[in-house]
Amino acid sequence: NKTILLKNRPKGRPTLDDFEFKEIEKPSPKEGEVLLKTKYVSVDPYLRGRMRDEKSYIEPFQLNEPVESGIIAEVIESNSENFKKGDYVNGMLQWKQFQTSNGKGLQKVDGSKAPLSAYLGVLGLTGITAYLGLKKIGDLEKGETLLVSGASGAVGTVVGQIGKIKGCKVVGIAGTDEKIKTIKEKFHFDEGINYKTTDNMKKAIAEACPNGVDVYYDNVGGEILDAAMANINYNGRVVCCGAISLYNKTEQPTGPRHETTLIKKSVLMQGFTVRDYQEEFPAAIQQLATWLQEDKLTYSETIVEGFDEIPQAFIDLFDGKNKGKMIVKV
Ligand code: NDP
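Remember, it's a predicted structure, so these values are computed and weren't measured experimentally. (Residues numbered from 1 in each chain as written. Predicted model: local features only at pLDDT ≥ 70, side-chain atom pairs only at ≥ 80, totals over all residues. Heavy atoms only, no water.)

**Examining the pattern of salt bridges**
Summed over the entire model, instances satisfying the criterion amount to 16 salt bridges. For the salt bridge of lysine 108 with aspartate 87, the shortest nitrogen-to-oxygen distance reads 3.8 Å. Taken as a pair, lysine 108 in strand E7 (residues 107-109) and aspartate 87 in the loop between strand E4 (68-78) and strand E5 (88-94) lie far apart in primary sequence, 21 residues in all. A relative accessible area of 9% places aspartate 87 in the buried class. Among the salt bridges present, the one from aspartate 316 reaches lysine 321, with a minimum N-O distance of 3.5 Å. (Salt bridge = Lys/Arg side-chain N within 4 Å of Asp/Glu carboxyl O. Helix = DSSP H or I, 4+ residues; strand = E, 2+ residues; numbered from the N terminus. Buried < 20%, exposed > 50% of the residue type's maximum accessible area, 1.4 Å probe, protein only.)

Now the structure itself:
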């Protein structure tokens, strides 16, 4: 039974040396507990934040302790009346091949309704984040222009498709021409901008959004946010969902440098933490599942195989190696 510990708090970009593999005993479930076998592990940009020793909405990881993330596991032994052998569950679990749980925070998932991995993406936290970020802050209206960064990722692909469902013009920003092709062809975005090959993002956004930007769904922060703000419309809304371009920076740029735009254009710019809306998760999942069934929504996954690959898959997020949700199959 292997586990992966956080060995060092990463300085800048995380490296494999920041993690340590350790062999531990396979536990036995006590009364009321289940023994879980890890099947699919979600690796997510936000985990980088938990590797810092900083107070946040969620506790930082402790050094020399297992990292945890969203995991789909199989119940292989049960001393709990709520779960039986063979059930699949989704929960915040530790990076271990086997672990016990008292069942708190575990949700059963039904592999016959959707592939198990989908419960970590389109029907999981990233799908819910896209849905609730738009609902709570974006407040999209038909005919508006929606701009989304990190457009080919887990959150971004769902944001863009919801924009199309709502009858908006949708423009996505991503890091390769292949990703731009995919967001247009597979996810039906109207336009795409490759930020890595575009010198002037402000101009490129202006050209792709001739009526300006009504809603900017920000997954990346930094200079792309600056370029989006230069194109934001009066009464625009900015969903501050993520800032991956800043996660590995040792110093954060000073701000707020968008204040005059916010005032002059009466723009709402709001931070958003999906965990604040847990009571709305079931309804969000229901809506996403309905759209999936109706073929209004689809998704991509990058599935890496092998427990030992978890740290590398996490690091690869910062190089954009994933298309859609990055998942490790154990
Ligand atoms: P993604 O699937 O979008 O993966 C990350 C992507 O970010 C990469 O594929 C890469 O694509 C892009 N990227 C990496 N570095 C940079 C950079 N320097 N500048 C611009 N883009 C970059 O991840 P998620 O969908 O899981 O998460 C998207 C965002 O949403 C993250 O910022 C995450 O922290 C945030 N989030 C927030 C939540 C909340 O409650 N507020 C909940 C869940 C996620 P490319 O090739 O295009 O560069």
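**Section: the sheet that holds strand E12 (residues 232-240)**
If you walk across this open sheet you meet the six strands as E10-E9-E8-E11-E12-E13, and the pairing is parallel. Every interior strand has two partners, whereas the edge strands, strand E10 (191-194) and strand E13 (268-271), have only one. Sheet twist, expressed as the mean angle between neighbouring strand axes with direction ignored, is 15 degrees. Of the strand pairs in this sheet, strand E8 (residues 145-149) and strand E11 (residues 213-218) are connected by three bridges, and their pairing is parallel. Along E11, the bridge assignment pairs leucine 146 with valine 215. Taken strand by strand, helix H5 (residues 201-208) contacts E8, strand E9 (169-174), E10 and E11, and its axis lies near 170 degrees from that of E10. (Pairing = 2+ DSSP bridges. Axes fitted to C-alpha atoms, helices over the stretch in contact; angles between N-to-C directions. Contact = heavy atoms within 4.5 Å.)

**With respect to helix H8 (residues 281-293)**
For H8, which comprises 13 residues, the first-to-last C-alpha distance of 18 Å matches the rise-based estimate of 18 Å (1.5 Å per residue) to within 8%. All buried positions along H8 are accounted for by Phe281, Ala284, Leu288, Trp291 and Leu292. In a view along the axis of H8, the buried residues occupy a sector of 105 degrees, so they form one face of it. Exposed residues on H8 whose side chains face more than 90 degrees from its buried face are Pro282, Ala283, Gln286 and Gln293. Lining the buried residues of H8 we find helix H2 (125-138) and helix H3 (154-165). At the C-terminal side of H8, aspartate 295 shows a positive phi close to 60 degrees. (Expected span 1.5 Å × (residues − 1). Arc of directions from axis to C-beta.)

**Details of the domain arrangement of the protein**
Each assigned domain of the protein is listed with its residue range as follows: domain 1 (2-121 + 300-329) and domain 2 (128-275). On the domain 2 side, the residues contacting the 19 residues of domain 1 number 17 residues. When the two sides are added together, the surface that domain 1 and domain 2 hide from each other amounts to roughly 1400 Å², 52% of it contributed by carbon and sulfur. Its salt-bridge partner being glutamate 178, residue lysine 323 comes within 3.3 Å of it at the nearest N-O pair. The interface formed by domain 1 and domain 2 includes eight residue pairs in polar contact (both at pLDDT 80 or more). Counted by class, the side of domain 1 that touches domain 2 contains eight nonpolar, five polar and six charged residues. (Domains from an automatic or database assignment. Buried area = accessible area lost by both parts, 1.4 Å probe. Polar contact = N/O pair within 3.5 Å; in protein donor to acceptor, adjacent residues only side chain to side chain. Nonpolar A, V, L, I, M, F, W, Y, C, P; charged D, E, K, R; others polar.)

**A closer look at the environment of aspartate 226**
In this fold, aspartate 226 is placed in helix H6 (residues 222-229). Classification of aspartate 226 as partly exposed rests on a relative accessible area of 25%. For aspartate 226 and serine 245, which are 19 residues apart along the polypeptide, the C-alpha to C-alpha distance reads 12 Å. With near-sequence residues (within four places) excluded, aspartate 226 lies in contact with Arg257 and His258.

**Some points on the packing of H2 against H8**
Contact geometry of H2 with H8 gives a least axis separation of 10 Å together with a crossing angle of 95 degrees. Classified by the angle their axes make, H2 and H8 are roughly perpendicular. Along its contact with H2, which presents Leu125, Gly127, Ile128, Tyr131 and Leu132, the element H8 presents Phe281, Ala284, Ile285, Gln287, Leu288 and Trp291. The residue makeup of the contact of H2 with H8, split by class, is nine nonpolar, two polar and no charged. (Parallel < 35°, antiparallel > 145°, perpendicular 65-115°, else oblique.)

**Structural notes on the site of the ligand**
Of all residues adjacent to the ligand, which total 27 residues, the nearest are Lys179, Tyr195, Tyr247, Phe272 and Asn322. In the environment of the ligand, an oxygen atom lies 2.8 Å from a nitrogen or oxygen atom belonging to the backbone of valine 155. Backbone polar atom of asparagine 219 to an oxygen atom of the ligand: 2.9 Å apart, as the coordinates give it. Contact with the protein chains removes 91% of the 910 Å² of surface that the ligand exposes when unbound. Where the shell around the ligand is concerned, the elements lending two or more residues are H2 and H3. Grouping the amino acids of the shell around the ligand by side-chain chemistry returns 15 nonpolar, eleven polar and one charged. Each of domain 1 (2-121 + 300-329) and domain 2 (128-275) contributes no fewer than three residues to the shell around the ligand. (Near = heavy atom within 4 Å. Areas by Shrake-Rupley, 256 points an atom, 1.4 Å probe, with all protein chains shown as cover.)

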